[in-house]
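# Reading the structure
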Amino acid sequence: MTTSHDKSRQTPLYAEHQRLSASFTDFAGWSMPVRYSSDIAEHIAVRTAAGLFDLSHMGEIELTGPQAGLALDHALVGHPSKLAIGRARYSMLCDPDGGILDDLVVYRLAEERFLVVANAGNVDPVLEALEQRVTSYDAQLRDATHDWALIAVQGPAAAAIVSELTDTELAELKYYAIAEATLAGSDVLLARTGYTGEDGFEIYGRPEHAEHLWTELLRVGEPHGLVPAGLACRDTLRLEAGMPLYGHELSRDVTPFEAGLGRVVAFGKEIAFVGDQALAVRRDAGPRRLLVGLVSSGRRSPRSGYSVLDPGTGAVVGSVTSGAPSPTLGHPIAMAYVNVGFDQPGTQLHVDIRGTRDDVEVVAPPFYRRAQ
Amino acid sequence: MSVPAHLKYTAEHEWLDLDGDIATIGITAFAADALGDVVYVDLPATGTIVTAGEACGEIESTKSVSDLFAPVDGEVVETNEAVASEPGVLNTDPFQSGWLFRLKVSDLGELLDAAAYESLIGGE
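Residues numbered from 1 in each chain as written. Chains lettered and ligands numbered in written order. Predicted model: local features only at pLDDT ≥ 70, side-chain atom pairs only at ≥ 80, totals over all residues. Heavy atoms only, no water.

## Focus: the overall build of chain A
Tallying secondary structure elements over chain A gives eight helices and 19 strands in all. Expressed as a percentage of the 372 residues in chain A, the buried residues total 59%. Counting only contacts in chain A whose residues sit at least 6 apart along the sequence, the fraction spanning at least 24 positions is 67%. Carbon and sulfur atoms form 49% of the exposed surface of chain A, whose accessible area is close to 14800 Å². For chain A, the distance from the average site of its 32 positive side-chain charges to the average site of its 48 negative ones is 4 Å. (Helix = DSSP H or I, 4+ residues; strand = E, 2+ residues; numbered from the N terminus. Buried < 20%, exposed > 50% of the residue type's maximum accessible area, 1.4 Å probe, protein only. Contact = heavy atoms within 4.5 Å. Areas by Shrake-Rupley, 256 points an atom, 1.4 Å probe, with all protein chains shown as cover. Lys, Arg positive; Asp, Glu negative; His and termini not counted. Charge placed at Lys NZ, Arg CZ, Asp CG, Glu CD.)

And the structure:
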């Protein structure tokens, strides 16, 4: 098996993005659309109608075999062997010391077949770790990244749009579920998952069908307000939804407990999992710093790496991990790690914004929650 | 990407429209496109003495924040108050209504002509 990637690193939809006059950026070695028209317009479209995202740079790893579930129980902090067929779960791959190697989504496609979806920038370390961790199990691991194009339709109109191209009864497809489906005449995996805080679908199709799926979704979606959406609005959408991003909120230097995601760690498993002892120690000791939300009434946004200060003493008590002006809320929002004691909602803090101290208030994420 | 021929440019993606010793300054369409949607502009106050290459303000977009550099030495004689209330004009009309400030130039230094700037951004 190889973990190398095509040297071009263009998704099957690259020509479509060019046709739509996208601005491109390098993201984890892939040339990805950052925006097509305007970050804010695309963001608002996802909140009010729908956006179409190319996520084909994400890493898909397939694990099959009689012990595929057990192998994942050992490799990940979650409990994939307990997943019902057709369901998905957000999980993490941790180091033996409890640090996060990646956050990922695990889908159970069949009794003996799982799909693990990793961040584009982490595919190689995830593959390497999984290979080591599953060797003693009766399971086969395969890098399937190039088998799949991944297209997401996100927004309140997502179900209405997708239903025009499939006979699958979408009301039966619950949040965090996946089903084999036919969409615009192509066989796909249709998952009700996403990273925007909206209802939506992630569509795993074959690369040779990607252009057809993309253009058909745009065609039927246009009357519903669907627009192609780039990485820039994806970042502000996920930030408003309080969703962590690897490399910002998550890294090898933090455990799920600091990130406020201790619930993903399944200590009750029958088998030992990588990181379990270190994570038990960290759980019992309690985190020394915690991920919080910050809101500001000013105009300048706290940005990644900026210091969070105690207004009383001026001491540094934390660091911003992500921040941006929120297109939906109209004021700056940020996530930050702060020392315990400064993490309670309502706490007034300062952020050093390029030499000026701006007032911020601690809030519990998410900043935005969709109307149900 | 539009690069008007009558303007001068800097490697920091700013344009200057020279009229005697007064320079009108803005950021290029290339810069505006790279920044994304501009949501906040901080400009130097009228009367500020600025030095070429030094930061004199900032431009914030949804995606990032960038320093605004003084392209030449001089004194700020006018700022475009309209961009403070509607920063998005930097994206829609960077070379006209998106102008940022005017300087009374004391030293022009070295600037790029349109062809040199075009080859600079073509190479990026």
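## Some details on the environment of Arg35 of chain A
Structurally, Arg35 of chain A is set in strand E2 (residues 30–35). A residue is classified by how much of its surface remains accessible, and Arg35 of chain A, at 4% relative accessible area, is buried. In sequence terms Arg35 of chain A and Ser23 of chain A are 12 residues apart; their C-alpha atoms lie 5.5 Å from each other. Sequence-distant contacts of Arg35 of chain A, that is, excluding residues within four places in its chain, are made with Ala22, Ser23, Glu42 and Gly230 of chain A together with Asp33, Ala34, Leu35, Gly36 and Lys63 of chain B. A polar contact of 2.4 Å, which involves the side chain of Arg35 of chain A, links it to the side chain of Asp39 of chain A. (Polar contact = N/O pair within 3.5 Å; in protein donor to acceptor, adjacent residues only side chain to side chain.)

## Remarks on the sheet that holds strand E19 (residues 356–363) of chain A
Backbone hydrogen bonds hold the strands of a sheet together, and the pairing may be parallel or antiparallel. Residue and element names in this part refer to chain A. In space, the six strands of this closed barrel follow the order E14-E17-E16-E15-E18-E19, with antiparallel pairing throughout. Sheet twist, expressed as the average angle between the axes of neighbouring strands with direction ignored, equals 45 degrees. As judged from the seven bridges shared by strand E14 (residues 289–295) and strand E17 (residues 332–339), these two strands associate in the antiparallel manner. Across the sheet, residue Leu294 finds its bridge partner in E17, namely Ala334. Across the sheet, helix H7 (residues 231–240) is in contact with strand E16 (316–325) and E17; its angle to E16 comes to roughly 125 degrees. (Pairing = 2+ DSSP bridges. Axes fitted to C-alpha atoms, helices over the stretch in contact; angles between N-to-C directions.)

## Things to note about the interface of chain B and chain A
At the interface, 16 residues of chain B touch 17 residues of chain A. For the chain B and chain A pair, buried surface summed over both sides reaches about 1300 Å², with 44% attributable to carbon and sulfur atoms. Between the two partners, chain B and chain A, sit four salt bridges. Between Arg303 of chain A and Glu60 of chain B there is a salt bridge, with the nearest N and O atoms lying 2.8 Å from each other. (Buried area = accessible area lost by both parts, 1.4 Å probe. Salt bridge = Lys/Arg side-chain N within 4 Å of Asp/Glu carboxyl O.)

## Some remarks on empty space enclosed by the protein
All names here are of chain A. The full count for this structure, using the stated rule, is two cavities of 30 Å³ or more. Gly78, His79, Pro80, Leu83, Arg89, Ser91 and Val106 are the residues that line the largest cavity. Residue composition of the lining of the largest cavity, grouped by class: three nonpolar, three polar and one charged. What lines the second largest cavity is Met32, Pro33, Tyr36, Phe53, Asp54, Ala229, Gly230 and Leu231. If you list the elements that add at least two residues to the lining of the second largest cavity, you get E2 and strand E3 (50–54). Across the lining of the second largest cavity, the residue classes tally to six nonpolar, one polar and one charged. (1 Å grid on protein atoms, 1.4 Å probe; cavity = no way out; pocket = protein on both sides within 12 Å on 5 of 7 lines; lining within 4 Å. Points joined across faces, edges and corners; volume = space filled by probe spheres on them. Nonpolar A, V, L, I, M, F, W, Y, C, P; charged D, E, K, R; others polar.)

## Comments concerning the confidence of the model for chain A
The predicted model of chain A averages 96 in pLDDT, with 98% of residues at 70 or higher. This stretch, residues 1–6 of chain A, has a pLDDT under 50; its non-local contacts, to residues over four places away or in other chains, come to 13 contacts. (pLDDT = per-residue confidence, 0-100.)

## Quick look at the packing of aromatic side chains
All names here are of chain A. Enumeration according to the criterion identifies eight aromatic pairs over all chains in this entry. With centroids separated by 6.2 Å and ring planes inclined at 85 degrees, the aromatic side chains of Trp148 and Tyr204 adopt a geometry described as edge-to-face. Here Trp148, found in the loop between strand E8 (140–143) and strand E9 (149–154), pairs with Tyr204, found in strand E12 (residues 200–205); they are 56 residues apart in sequence, far enough to count as distant. For Trp148, a relative accessible area of 5% corresponds to the buried category. Judged by its relative accessible area of 1%, Tyr204 is buried. (Phe/Tyr/Trp six-rings, centres within 6.5 Å; stacked < 30°, edge-to-face > 60°.)

## Side note on the layout of surface pockets
Volume-wise, the second largest pocket comes out at about 310 Å³. Around the second largest pocket sit 12 residues that line it, and Ser23 and Phe24 of chain A together with Phe30, Asp33 and Ala34 of chain B are the ones nearest its centre. Going through the elements one at a time, strand E1 (23–27) and E2 of chain A together with helix H1 (29–35) of chain B are the ones with two or more residues in the lining of the second largest pocket. Split by residue class, the lining of the second largest pocket holds six nonpolar, two polar and four charged.

## What to know about unusual backbone geometry
In this structure, the amide linkage connecting Pro365 of chain A to the following residue, Pro366 of chain A, adopts the cis form with an omega of 5 degrees. Structurally, the position occupied by Pro366 of chain A is in the segment after E19. Its identity is not glycine, yet Ser21 of chain A carries a phi of approximately 60 degrees, on the positive side. Considering the arrangement of structural elements, one finds Ser21 of chain A in the loop between helix H1 (14–19) and E1. Of note in the backbone geometry, His13 of chain B takes a positive phi value of approximately 65 degrees without being a glycine. Residue position: His13 of chain B is located in the loop between strand E1 (8–9) and strand E2 (14–19).

## Overview of the packing of helix H2 (residues 39–48) of chain A against H7 of chain A
All names here are of chain A. Contact geometry for H2 and H7: axes closest at 8 Å, N-to-C directions at 50 degrees. On the basis of the axis angle, H2 is oblique to H7. Viewed along their axes, H2 and H7 form a crossing whose handedness is right-handed. Across the interface between the two elements, Asp39, Glu42, His43, Val46 and Arg47 of H2 pack against Ala232, Cys233, Thr236, Leu237 and Glu240 of H7. Here the contact of H2 with H7 is composed, by residue class, of four nonpolar, two polar and four charged. (Parallel < 35°, antiparallel > 145°, perpendicular 65-115°, else oblique. Left-handed = near helix turned anticlockwise from the far one by under 90°.)

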